[in-house]
Amino acid sequence: MTEAKNKLVKSWLTKAKHDLNAAYKLSVGDDPVLDYAVYHCQQAAEKALKGFLVYHDQRVDKTHDLRSLILLISEIDKAFLAYQEVGFRLTPLATIYRYPGDEMQPDPARFSEAFEDAQTIYYFVLSKLPEEVYP
């Protein structure tokens, strides 16, 4: 693997890690901001999956649809198919709370599920990549 590619994959994974950290920080304290926290959960999973694609020399499209990313990745590694339901749960969080509408704020249980889902995807992606690209 070239140094430039190594750096790019590491950058995707670092951004994913930062999104996980942001989600956590936004969820704690006396005044949690769960609408933004769940958005960062979705983003963490998306960026981790895109880092996996970059590692495998695949084109990274501008999409928030984790289900489609997981299906694309499953052509490389079938083990990702086990995470389709996680992708299904996380995908809507990219937009559902970002704009005014009927749902303004998720409840704490929805955040907890999203945070766990995002961590699951992130750490599964890491388990499939060499340590040299870890953040």
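Attention here is on the structure that accompanies the text. (Residues numbered from 1 in each chain as written. Predicted model: local features only at pLDDT ≥ 70, side-chain atom pairs only at ≥ 80, totals over all residues. Heavy atoms only, no water.)

1. Focus: the overall build of the protein
Keep this limit in mind: Elements are defined by DSSP. Helices are runs of H or I of four residues or more, strands are runs of E of two residues or more, and each kind is numbered from the N terminus. In this treatment the radius of gyration is a C-alpha quantity, and the globule benchmark scales as 2.2 Å times the residue count to the 0.38 power. Exposure categories follow from relative accessible area, calculated using a 1.4 Å probe and restricted to protein chains: below 20% of the type maximum is buried, above 50% is exposed, and the middle band is partly exposed. Residue burial considers only the protein chains on display, and all accessible areas are found by Shrake-Rupley using a 1.4 Å probe. Charged-residue counts in this description rest on Lys and Arg as positive and Asp and Glu as negative, His and the chain ends being excluded. For this purpose, a charge sits on NZ of Lys, CZ of Arg, CG of Asp or CD of Glu.
Counting its regular elements, the protein contains five helices and zero strands. Secondary structure elements in the protein, listed N-terminal to C-terminal, are α-α-α-α-α. For a compact globule of 135 residues, the expected C-alpha radius of gyration is about 14 Å, and the protein comes in at 15 Å, within 12% of that figure. When the backbone C-alpha atoms are referred to their principal axes, the protein occupies close to 45 × 25 × 20 Å. Taking all 135 residues of the protein together, the buried fraction comes to 42%. As displayed, the protein offers around 7,500 Å² of accessible surface, 52% of which is attributable to carbon and sulfur atoms. Distance from the positive charge centre (16 side chains) to the negative charge centre (20 side chains) of the protein: 7 Å.

2. Thoughts on helix H5 (residues 108–127)
To keep things clear, this is the line we draw: The span you would expect from a helix comes to 1.5 Å times its residue count less one. Only heavy atoms matter for contacts: two residues are in contact if any of them lie within 4.5 Å across the pair. A 3.5 Å cut-off defines polar contacts: any pair of N or O atoms within that distance qualifies, except that in protein one atom must be a possible hydrogen donor and the other a possible acceptor, and neighbouring residues in sequence count only when both atoms are side-chain atoms.
Given a rise of 1.5 Å per residue, 20 residues ought to cover 28 Å, and the 28 Å separating the end C-alpha atoms of H5 matches this to within 8%. When we look at burial in H5, the residues that qualify are Phe 111, Ala 114, Phe 115, Asp 117, Ala 118, Ile 121, Tyr 122, Phe 124, Val 125 and Leu 126. Contacts made by the buried residues of H5 are with helix H1 (3–27), helix H2 (34–55), helix H3 (66–74) and helix H4 (84–90). Measuring from the backbone nitrogen of Ala 109 back to the side-chain oxygen at the start of H5 gives 3.2 Å, which picks out Asp 107 as the cap.

3. Observations regarding the packing of H2 against H3
To keep it simple, the criterion reads: Note on geometry: axes are C-alpha line fits, over the in-contact stretch for helices, and angles between N-to-C directions span 0 to 180 degrees. Geometric relationships in this document are graded by angle, where less than 35 degrees denotes roughly parallel, more than 145 denotes roughly antiparallel, 65 to 115 denotes roughly perpendicular, and other angles denote oblique. Whether a crossing is left-handed or right-handed is set by the direction in which the near helix is turned from the far one by less than a right angle, anticlockwise for left-handed and clockwise for right-handed.
At their nearest, the axes of H2 and H3 sit 10 Å apart, and the two run at 25 degrees to each other. The angle between H2 and H3 places the two elements in the roughly parallel class. In terms of crossing hand, the pair formed by H2 and H3 is left-handed. Facing Gln 42, Ala 45, Glu 46, Leu 49, Lys 50, Phe 52 and Leu 53 of H2, the residues of H3 in contact are Leu 66, Leu 69, Ile 70, Leu 72 and Ile 73.

4. Looking at H3
Heads up, the condition is: Here the arc refers to the set of directions running from the helix axis out to each C-beta atom.
Along H3, the positions that sit buried rather than exposed are Leu 66, Leu 69, Ile 70, Ile 73 and Ser 74. Down the axis of H3, the smallest arc covering the buried residues is 135 degrees, so these residues share one side. For H3, the elements touching its buried residues are H2, H4 and H5. A side-chain oxygen of the first residue of H3 lies 3.0 Å from the backbone nitrogen of Arg 67; this N-cap is Asp 65.

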